[in-house]
Amino acid sequence: MNKAMFQWMKYSGTKTWSLKKLCASVPLCSFNIITILAALSFASCEEAYDDFPRMEVRFTCSLQQSPYSFITTPGQFLTVTKKGAAYVVDYPGQPSYTDGKQGVFLGFGGLILGQPTITMDVSSPYAAYDRACPVEAEDLVISRLNINTNHEGKCPKCGTVYDLDTGFPKQGEGKKRLKTYKVYAIKTNTGTNLTVRN
């Protein structure tokens, strides 16, 4: 056991101790605290989805085809939801589009795809969220968010409103960010394909 660890154990074992007192006695304490906080924040990000059902996601679309071409404009989002053997694409204010393509897996409650006005992922300007509300998903209930043209998704059951630019809740009882999936924008000879995976 090194001296820093011994000092920490000595101070943490007493009923009253202060971080200032501890840092004064332990060399490089600020480095140790920063390391511990970074590890805890990383762990909390990973644990954020521990209670969200794990379902396969495998979806690809061409951004040159309607209705997917709508999301090439920042701030536009659409939903993709399984309906029987097919899936349905909804875009606010537009008619639904149904596709019977096989081998499509859409997570727990379907997908919300779009191009946020705030880029959270430097590898792709696009975002993909699970359409299921995280509040209801904890109880294995699928409550699909309804999206609007204000970059928001609202749970019809608990009323939580999520900011689709970031995935974080804006109002309501929800505290967790929407479940996110990896999005790859792949350039081809005919344009760009969007691929979503978990």
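1. Focus on the nonpolar core
Right, so step 1: Phe59, Val80, Leu111, Leu113 and Val196 are the most contacted members of the largest nonpolar core, which has 25 residues in total.
Right, so step 2: Mapped onto this core, the elements with two or more residues apiece are strand E1 (57-62), strand E2 (77-83), strand E3 (86-90), strand E6 (111-114), strand E12 (180-188) and strand E13 (191-197).
Right, so step 3: Residue contributions to this core peak at three residues, all from E1.
Right, so step 4: Discounting chain neighbours no more than four positions away, the residues touching leucine 113 are Phe59, Ile71, Gln76, Phe77, Leu78, Val80, Ala127, Ala128 and Val196.
Right, so step 5: In this structure, Leu145, Ile147, Leu164 and Leu178 belong to the second largest nonpolar core, which totals 13 residues.

2. Comments concerning the pairing of E2
Right, so step 1: Counting buried positions along E2 yields five of seven residues, so the element is predominantly enclosed.
Right, so step 2: Sheet topology places E2 next to E6; four bridges connect them, and they run antiparallel. Across the sheet, residue threonine 79 finds its bridge partner in E6, namely isoleucine 112.
Right, so step 3: As judged from the five bridges shared by E2 and E3, these two strands associate in the antiparallel manner. Note that in E3 the partner of lysine 83 across the bridge is alanine 86.

3. Considerations on the side chain of arginine 131
Right, so step 1: Looking at the element boundaries, arginine 131 is found in the loop between strand E7 (127-130) and helix H4 (134-137).
Right, so step 2: No salt bridge is formed by the buried arginine 131; its nearest oppositely charged neighbour, aspartate 90, is found at 4.9 Å.
Right, so step 3: A polar atom in the side chain of arginine 131 sits 2.5 Å from the side chain of threonine 81.
Right, so step 4: Discounting residues that sit within four places of it in the chain, arginine 131 has contacts with Thr79, Thr81, Gly109, Gly110, Leu111, Ile112, Ser143, Arg144, Leu145 and Asn146.

4. Focus: the state of the cysteines
Right, so step 1: Taken as a whole and assessed by the stated rule, the structure comprises zero disulfides.
Right, so step 2: Summary of cysteine pairing: cysteine 133 is not part of a disulfide, and the nearest cysteine sulfur, belonging to cysteine 155, is at 3.7 Å.
Right, so step 3: Just so you know, cysteine 155 is unpaired, no disulfide at all, and the nearest cysteine sulfur is the one on cysteine 158, 3.7 Å from it.
Right, so step 4: Cysteine 155 sits in the buried class, given a relative accessible area of 1%.

5. Quick notes on the pattern of salt bridges
Once the charged atoms of two side chains with opposite charge are near each other, the side chains can pair.
Right, so step 1: Going through the model one piece at a time under the given rule, you end up with three salt bridges.
Right, so step 2: One salt bridge in this structure joins glutamate 56 and arginine 58, with 3.4 Å as the shortest N-O distance.

6. Concerning unusual backbone geometry
Right, so step 1: The amide bond that connects serine 66 to the next residue, proline 67, takes the cis arrangement and shows omega of 10 degrees.
Right, so step 2: Mapped onto the secondary structure, proline 67 falls in the loop between E1 and E2.
Right, so step 3: Its identity as a non-glycine residue notwithstanding, leucine 140 has a phi of 60 degrees, on the positive side.
Right, so step 4: As for its placement among the helices and strands, leucine 140 is situated in the loop between H4 and strand E8 (146-147).
Right, so step 5: The class for leucine 140 is exposed, based on a relative accessible area of 62%.
Right, so step 6: Phi at histidine 151 is positive, roughly 65 degrees, even though this residue is not glycine.

Quick notes on the rules
- Residues numbered from 1 in each chain as written.
- Predicted model: local features only at pLDDT ≥ 70, side-chain atom pairs only at ≥ 80, totals over all residues.
- Heavy atoms only, no water.
- Core = buried A, V, L, I, M, F, W, Y, C linked by side-chain atoms within 4.5 Å.
- Buried < 20%, exposed > 50% of the residue type's maximum accessible area, 1.4 Å probe, protein only.
- Helix = DSSP H or I, 4+ residues; strand = E, 2+ residues; numbered from the N terminus.
- Contact = heavy atoms within 4.5 Å.
- Pairing = 2+ DSSP bridges.
- Lys, Arg positive; Asp, Glu negative; His and termini not counted.
- Salt bridge = Lys/Arg side-chain N within 4 Å of Asp/Glu carboxyl O.
- Polar contact = N/O pair within 3.5 Å; in protein donor to acceptor, adjacent residues only side chain to side chain.
- Disulfide = S-S within 2.5 Å.

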